[in-house]
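Examining the three-dimensional arrangement
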Amino acid sequence: MYATVPLGELAAMKWSASFVPNVHFYTKRPEGQNGLDGLMTLDGTYSFNDDYSLTASVYYRPLWYNTGQRFRLGGLDVNGNRQDPTFSSQQGLVELGYAYLYFSAAVTENLNIDLYAEHRRDLSATNPFILFNEDETSYGLVLSTSL
């Protein structure tokens, strides 16, 4: 399930925003686990002509998780003393940010070449932010054809 909203045209670029929520439930473990993975994007596309376009995107992806509450029966410690039952749970938030640059070219009517660079970053990271550095950036070349 997702929602995309066209925002219109500004500075010769077409703008849109998207929200893609994903809810996860895991039940194979006795303590249970659930989470919400929400992806929010802002995209701007500039078309040079019908064959060439450049898209820039900024993504924000918060991941909320909760591993549920576990009950552990109290057992005996090394001295033979009975331990009390305990409850435990873990929850948290991981925030990721993305910057994405995508160039698309139509070589023929049925063949496209797409070049892209994507920078991924944990927003709570303490290392300095350097856009498109070698540790947090991936590059790609995609050839696609239609029949």
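Scroll up to find the structure this text is about.
The model shown is predicted, which means the values in this text are computed figures rather than measured ones.

Quick notes on the overall build of the protein
- Helix and strand content of the protein: zero helices and seven strands.
- In sequence order, the protein lays out its α and β elements as β-β-β-β-β-β-β.
- Counting only carbon and sulfur atoms, one obtains 57% of the accessible surface of the protein, whose full area is about 10,800 Å².

Some remarks on the pattern of salt bridges
- Following the criterion strictly, the structure yields two salt bridges and no others.
- Here Glu136 makes a salt bridge to Arg121, at a shortest N to O gap of 3.0 Å. Of this pair, Glu136 sits in the loop between β6 (111-122) and β7 (137-145) while Arg121 sits in strand β6, and the two are 15 residues apart along the sequence.
- Judged by its relative accessible area of 10%, Arg121 is buried.

Structural notes on the packing of aromatic side chains
- Within the structure shown, the criterion is met by six aromatic pairs.
- Centroid distance Tyr59 to Tyr98: 5.7 Å. Interplanar angle 50°. Geometry classified as tilted. A residue pair is termed long-range when its members are at least 10 positions apart, and Tyr59 in strand β4 (residues 52-72) and Tyr98 in strand β5 (residues 86-106) qualify at 39 residues.
- Counting every residue linked through ring pairs, the aromatic cluster contains Tyr59, Tyr98, Tyr100, Tyr102 and Tyr116.

A look at the side chain of Asp114
- With respect to the secondary-structure elements, Asp114 resides in strand β6.
- Within the structure, the side chain of Asp114 is placed 2.7 Å from the side chain of Ser104, a separation counted as a polar contact.
- Leave out the neighbours within four places in its chain, and Asp114 touches Tyr102, Phe103, Ser104, Ala105, Gly140, Leu141, Val142 and Ser144.

With respect to the environment of Glu118
- Note on placement: Glu118 falls in strand β6.
- Put simply, Glu118 and Glu136 are 18 residues apart on the chain and 8.3 Å apart in space, counted from C-alpha to C-alpha.
- Ignoring sequence-local partners within four residues, the contact set of Glu118 consists of Tyr98, Ala99, Tyr100, Phe132, Glu136, Thr137 and Ser138.
- Of the polar contacts made by the side chain of Glu118, one reaches the side chain of Arg120; its length is 2.9 Å.

Regarding the environment of Val107
- Note that Val107 resides in the loop between β5 and β6.
- Contact partners of Val107, with chain neighbours within four places excluded, come to Asn112 and Ile113.

Notes on the side chain of His119
- Examined against the element boundaries, His119 turns out to sit in strand β6.
- Here Glu136 takes part through its side chain, which lies 3.2 Å from a polar atom of the side chain of His119.
- Within polar-contact distance, the side chain of His119 engages the side chain of Thr137 at 3.0 Å.
- Apart from the residues within four sequence positions on either side, His119 is in contact with Gly97, Tyr98, Ala99, Phe129, Ile130, Leu131, Phe132, Asn133, Glu136 and Thr137.

Conventions used here
Residues numbered from 1 in each chain as written. Predicted model: local features only at pLDDT ≥ 70, side-chain atom pairs only at ≥ 80, totals over all residues. Heavy atoms only, no water. Helix = DSSP H or I, 4+ residues; strand = E, 2+ residues; numbered from the N terminus. Areas by Shrake-Rupley, 256 points an atom, 1.4 Å probe, with all protein chains shown as cover. Salt bridge = Lys/Arg side-chain N within 4 Å of Asp/Glu carboxyl O. Buried < 20%, exposed > 50% of the residue type's maximum accessible area, 1.4 Å probe, protein only. Phe/Tyr/Trp six-rings, centres within 6.5 Å; stacked < 30°, edge-to-face > 60°. Polar contact = N/O pair within 3.5 Å; in protein donor to acceptor, adjacent residues only side chain to side chain. Contact = heavy atoms within 4.5 Å.

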